[in-house]
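# Results of the structural survey
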Amino acid sequence: MTPVYAAYITSTVLYEARASGETFSDICKELRAKGFRRVILEGFRDGRALERDLILSHRNHCVMAELEAWGALRPTWGGSAGKPAYGAESRAPLFCLSASETADTLCNEAARLAELFNTLVIDDTLLTSCRCAVCDGNRGKRNWGRYRRELTTHTLAEMAKAARRVNDRVKVLIKAPPFYDRRARFGCDLAGWARIADGLLTGTETRNPESQNYGHVEPYQGYFNLRLLAATVGDSAAGGWFDGLDCNEQVFYEQGLTSHLGDPRQITVAVHGPGFVSSSRMARLSGARKALDELQAVAREPRGVHVAVPEGSDGDGDLFIFDYLGMLGIPLAPAPSLDRNARNLILTAHGAGDPAVVERAPAILEQGGQIIATFAALERLKDDPGKLELFGYDPAGVYRAPGRADGFSVGQETRAKAAPFWLAGDLRPKDAETLVTGFVTGYGGRLHEAPVVTCKQHNGGRALVWNLGGFRHDEFLLCDPFRVPVRPSLAALPKPLPDVLRNQTLAPLGFRLSAPPRVSTYLFAEHVVFVNYTAAPADVEVSGLPWDPDSLLSDSPRTACSLKQCLMGPTCYAALRLT
């Protein structure tokens, strides 16, 4: 199945298109020529409602261009519409969703647009950071995250009810924001929303990872979001969504490439400014549609290392770690709960906070499986010494004290000088073997040895600990509380450490892989796909994963494969059929 392409046109563009010399009729014709089949017209943003006559005019242009027209609203505060969120937790223009004036505004807008369209999309800001006295009183003993999730779900139900009251045929879809490890704190509830909406979309707008403008977000996040959405809400997963902000042609194209690997039913491209539809970025994406559709056809039945991301889980200490594991070439299989057949698990702070996941750990090890725990996961287990003992530790041997390692050794090999990287904490294993040691320079130049990777054997099973991690909530910047604040050491580990970590995770899957950092592996039932996100050629060497070299699909003529090696050109993909 190939995805339907839709363009989300912001109300700003709808207002400004004529002033820029680019009429909306021209935009529609250009979209149709580029293979788009839907246009989503945003009728409300920042407290400003697009006039009915203007919406009808734009809708008519869509019809004349043979484009299906949907309506949309972005629930962000502005002007005198609704009540703004109170408090210092976020500077984004979010609403206080407890206020009756906010509920009236959003329900009225949903009803108004439902009169004009049979499909209504709610953009990704049905969130709240409000800490006003009313919200605080209403939440009772619940924490802020849980209260806000219940509040947004209630607000969505009221908006959907208002829309369906005026149009019993209307379908309501909602987009989840891309920042999966922060959104639950502000009210995102995939499972709760799925019980109300007719479909959920998710953000795959990673933009430029080299830039702080929208956070240093790695491209793997787009794939991870789509797979987690599908695993959480099943058939309610409606597709992915990205834009051209802070993107050159290549970065914009890579958003599309990674989104296609997530196998979405719909690809939505958000248009934030006049001239974008006719830009070289859109031309590049449009020209690649046939190849991307062929790539998506092989992206069926994803496989990989299990990672548990329970709905509403808090990955503090491991925030956005999955982006970086994916960029190390580790194929991940995310889900909100742990598959009972799972024998290969990366246990992060997300899963370690869920008793159902933690209780499965002994059985996995007893059955010869493998669990890799991050430092933050181990830290969460300190209140359960029995589970901590599975990894060869007691509570006294786990202490958060980050340290910069300037070198490391693997096993008995000679210590290696390396680019510095950060350890998450200080570890003193009780009865676990240290497989990788880091060397940290202390006061007076004294050299300290600290475990980077440890392992405890369990009758064929292995419990490993990685003294590495992602972020903590208190590392986020004042003006960007949602996305990635800085790039962690996991984004640039010194060789050969990525190969060591990657092959520890791949061992239960039966193969080994050597590749440079930022070459991702996407594993499926019948295919494997490598994506080189760097501007340099990449040599990928694999053993134990047989493929047919003649089945190669790539967007680079410089890519070539043998039975065990794939020589990739810069910034390209290689897809191979497994045998």
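Everything here concerns the structure above.
I will try to describe carefully the structure that is included in this document. Fair warning: this is a prediction, and the values are worked out from it, not measured in the lab.

Pairing within the open sheet is antiparallel, and its four strands lie in the order 23-26-29-28. What marks the edges here is a single partner per strand, and that holds for strand 23 (512–514) and strand 28 (560–561). Of the pairings in the sheet, the one linking strand 23 to strand 26 (residues 538–543) comprises three bridges and is antiparallel in character. Residue pairing for strand 26: Ser514 is matched across the bridge by Glu541.

Turning to the side chain of Arg502, a few remarks are in order. Tracing the backbone through its elements, the reader meets Arg502 in helix 17 (residues 497–506). Polar side-chain contacts of Arg502 include one of 2.5 Å to the side chain of Asp499. Setting aside its immediate chain neighbours within four residues, Arg502 contacts Leu328, Gly329, Ile330, Leu513, Ser514, Ala515 and Pro516.

As a further point, take helix 4 (residues 100–114). When the terminal C-alpha atoms of helix 4 are compared, their 21 Å separation across 15 residues agrees well with the 21 Å that a helix rising 1.5 Å per residue should span. Where helix 4 is concerned, the buried positions are Thr102, Thr105, Leu106, Cys107, Glu109, Ala110, Ala111, Arg112, Leu113 and Ala114.

Relative to the 18 Å expected for 13 residues at 1.5 Å per residue, helix 9 (residues 249–261) spans 19 Å between its end C-alpha atoms, a close match to the ideal helical length. Extensive coverage of helix 9 is indicated by the burial of 12 of its 13 residues. Residue Asp263 follows helix 9 closely and has a positive phi angle near 60°.

What follows deals with the pairing of strand 2 (residues 38–42). With five of five residues buried, strand 2 lies mostly within the body of the structure. Alternating positions in strand 2 separate into two faces, Arg38, Ile40 and Glu42 on one and Val39 and Leu41 on the other, with burial throughout. Where strand 1 (residues 4–9) meets strand 2, four bridges bridge the pair, whose relative direction is parallel. Along strand 2, the bridge assignment pairs Tyr8 with Ile40.

What follows concerns the nonpolar core. One broad rule of soluble globular proteins: the nonpolar side chains tend to lie buried together. Formed by 136 residues in total, the largest nonpolar core has its most connected members in Leu31, Leu261 and Leu332. If sequence neighbours within four positions are ignored, Leu261 has contacts with Tyr223, Arg227, Leu295, Ala299, Tyr522, Phe524, Val529 and Val531. Counting 26 residues, the second largest nonpolar core, distinct from the first, contains Ala361, Leu365, Phe375 and Leu388.

Another aspect to go through is the sheet that holds strand 27 (residues 547–554). Overall, antiparallel pairing links the five strands, which are arranged 11-24-25-30-27 in an open sheet. Each end of this open sheet is capped by a strand with a single partner; those strands are strand 11 (302–303) and strand 27. The sheet contact formed by strand 27 and strand 30 (residues 572–578) spans four bridges and is antiparallel. In the sheet register, Asp548 faces strand 30, and the bridge partner there is Arg577. The sheet strands contacting helix 8 (residues 220–233) are strand 11 and strand 24 (519–524), and the helix crosses strand 24 at an angle near 25°. Running over the sheet, helix 11 (residues 289–298) touches strand 24, strand 25 (527–532), strand 27 and strand 30 and is turned about 40° from strand 30.

For the rest of this paragraph, the subject is the packing of helix 2 (residues 24–33) against helix 3 (residues 52–64). Closest axis-to-axis distance for the helix 2/helix 3 pair is 9 Å, and the angle between their directions is 35°. Judged by the sense of rotation from one axis to the other, the crossing of helix 2 with helix 3 is right-handed. Here Phe24, Ser25 and Cys28 of helix 2 lie close against helix 3, whose contacting residues are His58, His61 and Cys62. Grouping the constituent residues of the contact of helix 2 with helix 3 by class yields three nonpolar, three polar and no charged.

One pass over the structure, following the stated rule, counts 19 aromatic pairs. Here the aromatic rings of Tyr220 and Tyr522 are separated by 5.5 Å at their centres, their planes lie at 25°, and the arrangement is stacked. You can see Tyr220 sitting in helix 8 and its partner Tyr522 sitting in strand 24, a full 302 residues away along the chain. For the pair Tyr220 and Tyr522, a shared accessibility class is recorded, and that class is buried. Taking 5.5 Å as the distance between ring centres and 90° as the angle between the ring planes, the aromatic pair formed by Phe252 and Phe276 counts as edge-to-face. Taken together, the residues Phe252 in helix 9 and Phe276 in the loop between strand 10 (266–271) and helix 10 (280–287) connect sequence positions 24 residues apart.

A few words on the environment of Pro395. Relative to the helices and strands, Pro395 is located in the loop between helix 16 (385–390) and strand 16 (398–399). Judged by its relative accessible area of 30%, Pro395 falls in the partly exposed class. Distance in space between the C-alpha atoms of Pro395 and Gln250 is 47 Å, their sequence separation being 145 residues. Once residues within four sequence positions are removed from consideration, Pro395 is found in contact with Lys382, Pro385 and Leu388.

Moving on, we come to the pairing of strand 29 (residues 565–568). Residues Cys566 and Met568 line the buried face of strand 29, whereas the alternating positions Gln565 and Leu567 sit on a face that is not buried. Pairing of strand 26 with strand 29, which is carried by four bridges, proceeds in the antiparallel orientation. Bridge pairing in strand 29 links Asp539 to Leu567. Pairing analysis gives two bridges linking strand 28 to strand 29, with the strands arranged antiparallel. By the bridge assignment, Ala560 is partnered in strand 29 with Leu567. Where strand 28 hands over to strand 29, the hairpin turn is made up of three residues, counted between the paired strands.

A few words now on the pattern of salt bridges. Applying the stated criterion to the full structure yields 36 salt bridges. In this structure, the salt-bridge partner of Glu218 is Arg518, at a minimum N-O distance of 2.5 Å. Here Glu218, found in the loop between strand 8 (199–203) and helix 8, pairs with Arg518, found in the loop between strand 23 and strand 24; they are 300 residues apart in sequence, far enough to count as distant. When its relative accessible area of 0% is taken as the criterion, Glu218 is described as buried. Residue Arg518 is classed as buried on the basis of its relative accessible area of 15%. In this structure, Asp426 engages Arg428 in a salt bridge whose closest nitrogen and oxygen atoms are separated by 2.8 Å. Counted as one network, the salt bridges with shared partners bring together Arg74, Asp123, Asp124, Lys175 and Glu205.

The rules we used
- Residues numbered from 1 in each chain as written.
- Predicted model: local features only at pLDDT ≥ 70, side-chain atom pairs only at ≥ 80, totals over all residues.
- Heavy atoms only, no water.
- Pairing = 2+ DSSP bridges.
- Helix = DSSP H or I, 4+ residues; strand = E, 2+ residues; numbered from the N terminus.
- Polar contact = N/O pair within 3.5 Å; in protein donor to acceptor, adjacent residues only side chain to side chain.
- Contact = heavy atoms within 4.5 Å.
- Expected span 1.5 Å × (residues − 1).
- Buried < 20%, exposed > 50% of the residue type's maximum accessible area, 1.4 Å probe, protein only.
- Core = buried A, V, L, I, M, F, W, Y, C linked by side-chain atoms within 4.5 Å.
- Axes fitted to C-alpha atoms, helices over the stretch in contact; angles between N-to-C directions.
- Left-handed = near helix turned anticlockwise from the far one by under 90°.
- Nonpolar A, V, L, I, M, F, W, Y, C, P; charged D, E, K, R; others polar.
- Phe/Tyr/Trp six-rings, centres within 6.5 Å; stacked < 30°, edge-to-face > 60°.
- Salt bridge = Lys/Arg side-chain N within 4 Å of Asp/Glu carboxyl O.

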